[in-house]
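Listed below, chain by chain, are the residues.
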Amino acid sequence: MPGETSRNVTFSGTAGGNRSGQVQVQVYYESDGEVLVDWRSVATVSASWTGSVSIPRTSKGWVQARFRCTSHPNDIFYIAEPFAVGYKIGIFGQSQMEYTLRPEAGGTILTT
């Protein structure tokens, strides 16, 4: 929405073994590793978890997220793909590219 300075971003994953406590997320800039959102609890550890965190508009481009469980804080897991908050993206090209923007064709604009 116009004027927004942050957005709730939803993450989901799986956890197993002897992990317990909370799933925490940290969001950092891909370019230099500067932390944008420090460790925040987003969900209780379970076989399948989902949670969200408010992320401010990114001022230096792409960010990435890493995760840990409070029971194993040194075991850190990373999302492979960078993302951004507060940017509008347009795709231009041949006619087939429009399918990614047309919901009736089964496409989506962005997913997390």
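Right above here is the structure, for reference.
Structural notes, computed from the coordinates. (Residues numbered from 1 in each chain as written. Predicted model: local features only at pLDDT ≥ 70, side-chain atom pairs only at ≥ 80, totals over all residues. Heavy atoms only, no water.)

1. Notes on the overall build of the protein
A tally of regular secondary structure across the protein gives zero helices and six strands. By residue count, 27% of the 112 residues in the protein fall in the buried class. Working note: accessible area of the protein is about 7400 Å², and carbon and sulfur atoms make up 51% of it. (Helix = DSSP H or I, 4+ residues; strand = E, 2+ residues; numbered from the N terminus. Buried < 20%, exposed > 50% of the residue type's maximum accessible area, 1.4 Å probe, protein only. Areas by Shrake-Rupley, 256 points an atom, 1.4 Å probe, with all protein chains shown as cover.)

2. Describing the pattern of salt bridges
Considering all chains together, one arrives at three salt bridges under this definition. Here K60 makes a salt bridge to D32, at a shortest N to O gap of 2.6 Å. Of this pair, K60 sits in the loop between strand 4 (48–56) and strand 5 (63–69) while D32 sits in the loop between strand 2 (22–29) and strand 3 (35–44), placing them 28 residues apart in sequence. Classification of K60 as partly exposed rests on a relative accessible area of 35%. Of the charged contacts in the structure, one is a salt bridge between E34 and K60, with a shortest N-O distance of 2.4 Å. (Salt bridge = Lys/Arg side-chain N within 4 Å of Asp/Glu carboxyl O.)

3. Some thoughts on the layout of surface pockets
What the second largest pocket holds in volume is close to 190 Å³. Together, 13 residues line the second largest pocket, and G13, T14, W49, F67 and F77 are the ones closest to its centre. Within the residue set of the lining of the second largest pocket, elements represented by two or more residues are strand 1 (6–14) and strand 5. For the lining of the second largest pocket, the leading source of residues is strand 1, giving four residues. (1 Å grid on protein atoms, 1.4 Å probe; cavity = no way out; pocket = protein on both sides within 12 Å on 5 of 7 lines; lining within 4 Å. Points joined across faces, edges and corners; volume = space filled by probe spheres on them.)

4. Focus on the packing of aromatic side chains
If you walk through the whole model with that rule in mind, you get three aromatic pairs. Both rings, one in F11 and one in F83, keep their centres 6.1 Å apart while their planes meet at 65°; by these two values the pair is edge-to-face. Pair noted here: F11 is in strand 1 and F83 is in the segment after strand 6 (72–78), with a separation of 72 residues, a long-range link. In terms of burial, F11 and F83 fall into one category: buried. Taking 5.8 Å as the distance between ring centres and 50° as the angle between the ring planes, the aromatic pair formed by W49 and F67 counts as tilted. Placement of W49 in strand 4 and of F67 in strand 5 is noted, with a sequence separation of 18 residues between them. Aromatic rings pair up to connect F11, W49, F67 and F83 into one cluster. Directly above the aromatic system of Y29 lies the positively charged group of K60, at a separation of 4.9 Å from the ring centroid. (Phe/Tyr/Trp six-rings, centres within 6.5 Å; stacked < 30°, edge-to-face > 60°. Lys NZ or Arg CZ within 6 Å of the ring centre and 35° of its normal.)

5. What to know about the sheet that holds strand 5
Backbone hydrogen bonds hold the strands of a sheet together, and the pairing may be parallel or antiparallel. Read across the open sheet, the four strands follow the order 3-2-5-6; overall the sheet is antiparallel. On the outer flanks of this sheet lie strand 3 and strand 6, each paired with one strand and no other. Neighbour to neighbour, the strand axes of the sheet diverge by 25° on average, direction disregarded. As defined by bridge partners, strand 2 adjoins strand 3 across six bridges and the pair is classed as antiparallel. Directly across from V27, in strand 3, lies its bridge partner V37. (Pairing = 2+ DSSP bridges. Axes fitted to C-alpha atoms, helices over the stretch in contact; angles between N-to-C directions.)

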